[in-house]
Amino acid sequence: MPHQSRAPDRGPAKGPPPRQSAPRAERSRSRIASSSSCHPDRTDLSPRCDSRLRRADPHSKTAESPMAETILANAVLILPDETISGAIVLRDGEIVDIGEGRSVPQGAVNCEGDLVMPGLIELHTDNLERHIEPRPRVNWPHAAAIIAHDAELCSVGITTVFDALRVGSIGASGARGDYREYARDLATEILDMRAKEALRISHYIHLRAETCSETLLEELEKFGPEDRVGIVSLMDHTPGERQFRDLSKLRDYVCGKHGLSEAQFDEHVASQIALKERLGTAHEVASVEAARRYGAVLASHDDTTAAQVAHSAAKGVQFAEFPTTIEAAAACRMLGIAVMMGAPNLIRGGSHSGNVAAHELAERDLLDIVSSDYVPSALLSSALLLGDLWGDMARGIRTVTDAPARAVGLHDRGRLEVGKRADLIRVKRVNGAGMLHGVWVKGARVG
């Protein structure tokens, strides 16, 4: 089967990602066969294709030497705009061939009709925090926590993750004594574990810039373009606004999670509002500038009104995390900002904070990307649910593969296409759920 030619990766397009349907994947309709040519391993590009990171990933075992060919045959392949029965060939970290048919060549893996799709891409997860602090005020050794977090994500089909770390802290005098600085040290540990080849999947850093904090400026300065920071999100958690317009929901969340008394909760609310008034504007400006300096994509968080979305667009926001109203999601659509919602919201049928339900946005064609948020296994489940809801499995899977990849400028992955990075998963449907039967990262089986 002849190979398809591919254009070189030109880096992310300027401006917000386009909304048009994904282009039809070019492929041969002939039978899969071995090829004599060999494609070089693709570089593990940083988001926004920063030139200082545009090099082969020395920390991936799959980049060390040419790999044996892997053929996954008799599979239902989830392509960008359709599903087909066929086979896919992986070699040297890339997809080198795709073809139709149910035959199983000698030496191929017989997928027995299972789904084969791109590896899942997670843009915002708090999962690492759960491993670092498994119970309130119980700290776990970080190396073990990072390895466990990485293994958990791999076990649910996530092959690229942007680990969300908070920047912006409040001194011990605040009502929440746990709101201390941690991001720089933890990011260093993640990068060190990656350098030691201890991680199975691809890790980037997502800095959650808390504008209602005391130390944001100093913490942002501790990061640079070499730190694999792919996303900076503007986090405004002012009580009575955005996610927690309803203060009773905020009280339930904060007091339940951190054990605050009523007096401590009132102190927390007053201090957060005061911080917003004193430092909010300066912190937002610094966060936008930091994203430019890192070469990172800018995201908004919990936009509620059309005016807030317009403000986000003026700052250069590429995608919106968890807009809380239909009004905000519709404004994002008008301004070309991709909308990301949480998988737990979609699966549970509503928001735990009383905000808009993700399925409402899906039904109105206002949902582009899904994040697992705080339940890693929910990412695959939500994509399958959307595929069933829309009657279009390729579209559902795009919300956790191609769409997040394009939002952050990772053009080397997220699609089953010749020349793309060979990150993919094999999934069996069981009573509507997805059972993972294999995970490959850069063509090497890791799960």
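Scroll up for the structure.
Notes on the structure in this doc start here. (Residues numbered from 1 in each chain as written. Predicted model: local features only at pLDDT ≥ 70, side-chain atom pairs only at ≥ 80, totals over all residues. Heavy atoms only, no water.)

**Focus: the overall build of the chain**
Spelled out, the test is: Runs of H or I in DSSP of at least four residues are treated as helices and runs of E of at least two as strands, each being numbered from the N terminus. By the convention used here, residues are in contact when the closest approach between their heavy atoms is within 4.5 Å. Computed by Shrake-Rupley with a 1.4 Å probe, the accessible areas treat only the displayed protein chains as cover when residues are assessed.
Counting its secondary structure elements, the chain contains 13 helices and 16 strands. Taking the intrachain contacts of the chain between residues at least 6 apart in sequence as the baseline, contacts between residues at least 24 apart amount to 71%. Of the roughly 17900 Å² of accessible surface on the chain, a fraction of 51% belongs to carbon and sulfur atoms.

**A word on the pattern of salt bridges**
Note the threshold: Each reported salt bridge corresponds to a side-chain nitrogen of Lys or Arg within 4 Å of a carboxyl oxygen of Asp or Glu. When accessible area is computed with a 1.4 Å probe and restricted to protein chains, residues below 20% of their type maximum are described as buried, those above 50% as exposed, and intermediate ones as partly exposed.
Evaluation of the coordinates by the stated rule reveals 19 salt bridges. A salt bridge links R413 to D412, with the nearest nitrogen and oxygen atoms 2.9 Å apart. Residue D412 is classed as buried on the basis of its relative accessible area of 0%. Note that R421 is salt-bridged to D423, the shortest N-O span being 2.7 Å. This pair shows no difference in class: R421 is buried, exactly as D423 is. Through salt bridges with shared partners, a single ionic network connects D402, R406, R415 and E417.

**Section: helix α3 (residues 183–195)**
The test is simple: The span expected for a helix works out to 1.5 Å for each residue beyond the first.
Here α3 contains 13 residues, and its C-alpha end-to-end distance of 18 Å stays within 8% of the 18 Å for a straight helix at 1.5 Å per residue. Those residues of α3 that fall on the buried side of the exposure criterion are A183, R184, L186, A187, I190, L191, M193 and R194. As for α3, its buried residues are in contact with α1 (127–132), α2 (142–155), β7 (158–167) and β8 (202–210). Within two residues after α3, E197 carries a phi angle of roughly 60°, on the positive side.

**Re the environment of S372**
Its location among the elements puts S372 in the loop between β13 (369–371) and α11 (378–390). For S372, a relative accessible area of 0% puts it in the buried group. Spatially, the C-alpha atom of S372 lies 6.3 Å from that of T125, the residues being 247 residues apart in sequence.

**A short note on the nonpolar core**
Our working definition: In this description, a nonpolar core means a group of buried Ala, Val, Leu, Ile, Met, Phe, Trp, Tyr and Cys residues linked to one another through side-chain atoms lying within 4.5 Å.
Counting residues in each nonpolar core, the largest one holds 71 residues, and the members touching the most others are M117, V232 and Y294. Here this core takes 7 residues from α11, the largest share from any one element. Once residues lying within four places of it in the same chain are set aside, the contact partners of V232 are L207, A209, S287, A291, Y294, A296, V297, L298 and A299. Core analysis: the second largest hydrophobic core is formed by 17 residues, I121, L123, A338 and A403 among them.

**A short note on the pairing of strand β2 (residues 83–91)**
Each regular strand shows side chains that alternate between the opposite faces of the sheet. Our working definition: Here, strands pair whenever DSSP counts at least two bridges between them.
Burial analysis of β2 places 7 of its 9 residues in the buried class, the great majority of the element. Inspection of the sheet shows strand β1 (residues 70–78) paired to β2 by 7 bridges, in the antiparallel sense. Bridge pairing links I78 to T83 in β2. The loop that links β1 with its antiparallel partner β2 comprises 4 residues.

**Some points on the packing of aromatic side chains**
Operational definition: Only Phe, Tyr and Trp rings take part, Trp by its six-membered ring, and two of them pair if their centres are within 6.5 Å. Stacked means planes under 30 degrees apart, edge-to-face means over 60, and tilted covers everything else. Sitting over a ring, as applied to charges here, requires NZ of Lys or CZ of Arg to be within 6 Å of the ring centre and within 35 degrees of the ring normal.
Applying the stated criterion across every chain yields a total of 1 aromatic pair. Summarising the aromatic geometry, the rings of F162 and Y204 are spaced 5.0 Å apart at their centres and angled 20° between planes, so their arrangement reads as stacked. Residue F162 is located in strand β7, and its partner Y204 is located in strand β8; the two are separated by 42 residues in the primary sequence. Residue F162 shares its accessibility class with Y204, and that shared class is buried. The ring of F223 carries R184 above its face, with NZ or CZ at 4.4 Å from the centroid. Taking the ring centre of Y204 as reference, the NZ or CZ of R228 above it sits at 4.1 Å.

**Digging into unusual backbone geometry**
Of note, R137 is a non-glycine position whose phi angle comes to about 65°, a positive value. Position of R137 among the secondary structure elements: in the loop between α1 and α2. Residue class for R137 comes out exposed when judged on its relative accessible area of 67%. In this model, D373 sits at a positive phi of 60°, which is unusual for a non-glycine residue. Relative to the assigned elements, D373 resides in the loop between β13 and α11.

**A word on the packing of helix α7 (residues 306–315) against helix α8 (residues 326–335)**
This is how the line gets drawn: Note on geometry: axes are lines fitted to C-alpha atoms, helical ones only across the stretch in contact, with angles between N-to-C directions running from 0 to 180 degrees. Crossing chirality is assigned from the near helix's rotation relative to the far helix, an anticlockwise turn below a right angle marking it left-handed and a clockwise turn marking it right-handed. Under the scheme applied here, ten amino acids are nonpolar (Ala, Val, Leu, Ile, Met, Phe, Trp, Tyr, Cys and Pro), four are charged (Asp, Glu, Lys and Arg), and all others, including Gly, are polar.
Running from N to C, α7 and α8 point in directions that differ by 35°, and their axes come no closer than 8 Å. Taken as a pair, α7 and α8 cross one another with a handedness that is right-handed. Every residue of α8 that contacts α7 at A306, V309, A310 and A313 is listed here: E327, A328, A331, C332 and L335. Partitioning the contact of α7 with α8 into residue classes produces 8 nonpolar, no polar and 1 charged.

**Re α2**
Which entries qualify depends on this criterion: An arc is given here, and it is the one of the directions from the helix axis to the C-beta atoms.
The end-to-end C-alpha distance of α2, which contains 14 residues, comes to 20 Å, matching closely the 20 Å that a straight helix rising 1.5 Å per residue would cover. Considered for burial, the residues of α2 that qualify are A145, I146, H149, D150, L153 and C154. Around the axis of α2, the buried residues are gathered within 170° of arc, so they sit on the same side. Residues of α2 that are buried in the fold lie against β6 (120–125), α1, β7, α3, β8 and β15 (433–441). Positive backbone phi, approximately 95°, marks G157, located one or two places after α2.

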